[in-house]
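Per-entry structural report
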Amino acid sequence: MEIIHKIGRRKTAVARVYLSEGKGNITINNKELKSYFPTATLQYKVKQPFMLTGTDDNYDVKINVFGGGITGQAEAIRLAISRAMCEVDIENRSTLKPEGLLTRDPRMV
């Protein structure tokens, strides 16, 4: 499997996600997930697409994110990961779509 590159946006946050096969490591701006997003809620938002599709430890993710606040960044990452998961397997779309993870929220300030 080659590296899959997808972009997610939320408010003014932009996330670029690079998904590859691995052991479940998530790196955001060269930091570990737990050090970049200290709260459990934001960590859950980032991991939600993997939990719903049952692929928690199958992929390594490298993320570059900028702009917005931490909540907007977490939701931008979630959208980008969801888009990448749909490219990995089209069956994931039927799992993620009803949860609203493939919908871009257009609201901006």
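Per-chain numbering applies: the sequence of each chain, read as written, is numbered from 1 onward. With the structure being a predicted model, the display of local features is reserved for residues of pLDDT at least 70 and the display and counting of side-chain atom pairs for 80 or more, all residues being used for whole-chain, interface and lining totals. Note: side-chain values were computed over all heavy atoms of the structure, leaving out hydrogens and water.

**Things to note about unusual backbone geometry**
Just so we agree on the cut-off: Runs of E in the DSSP output that reach at least two residues are strands. Runs of H or I that reach at least four are helices, and both are numbered from the N terminus. Classification of residues uses two cut-offs on accessible area relative to the type maximum, computed with a 1.4 Å probe and protein chains only: under 20% is buried, over 50% is exposed, and between them is partly exposed.
The residue K11 is not glycine, and still its phi comes out positive at about 50°. With respect to the helices and strands, K11 occurs in the loop between β1 (4–10) and β2 (13–21). Look at N30: it is not a glycine, yet its phi comes out positive at around 65°. Its place among the elements puts N30 in the loop between β3 (26–28) and β4 (31–32). Residue classification places N30 among the exposed positions, given a relative accessible area of 67%.

**As for the sheet that holds β1**
Put simply, the rule is: In short, DSSP must find at least two bridges between two strands for them to pair. Any two residues having at least one pair of non-hydrogen atoms within 4.5 Å are treated as being in contact. Only C-alpha atoms enter the line fits that serve as axes; for helices the fit covers just the stretch in contact. Angles between N-to-C directions range over 0 to 180 degrees.
The mixed open sheet is built from five strands, whose spatial order is β1-β2-β5-β3-β4. Pairing within the sheet leaves two strands with one partner each, and these edge strands are β1 and β4. Relative to strand β5 (residues 59–66), β3 runs parallel, the two being bridged by three bridges. Opposite T27, over in β5, you have K62 as the bridge partner. Those strands touched by helix α2 (residues 40–53) are β2, β3 and β5, and its axis lies near 145° from that of β3.

**With respect to the pattern of salt bridges**
Which entries qualify depends on this criterion: The term salt bridge refers to a side-chain nitrogen of Lys or Arg lying within 4 Å of a carboxyl oxygen of Asp or Glu.
Per the stated rule, a full pass over the model turns up five salt bridges. Ionic pairing is found between K45 and E75, a salt bridge with its closest N-O pair at 2.8 Å. With K45 in helix α2 and E75 in helix α3 (residues 70–88), this residue pair connects regions lying 30 residues apart in the sequence. Under the relative-accessibility criterion, K45 is labelled buried at 16%. Among the residues examined, E75 registers a relative accessible area of 18% and is labelled buried. Each of the salt bridges in this network shares a partner with another, and the network as a whole consists of R10, K45, E75, D105 and R107.

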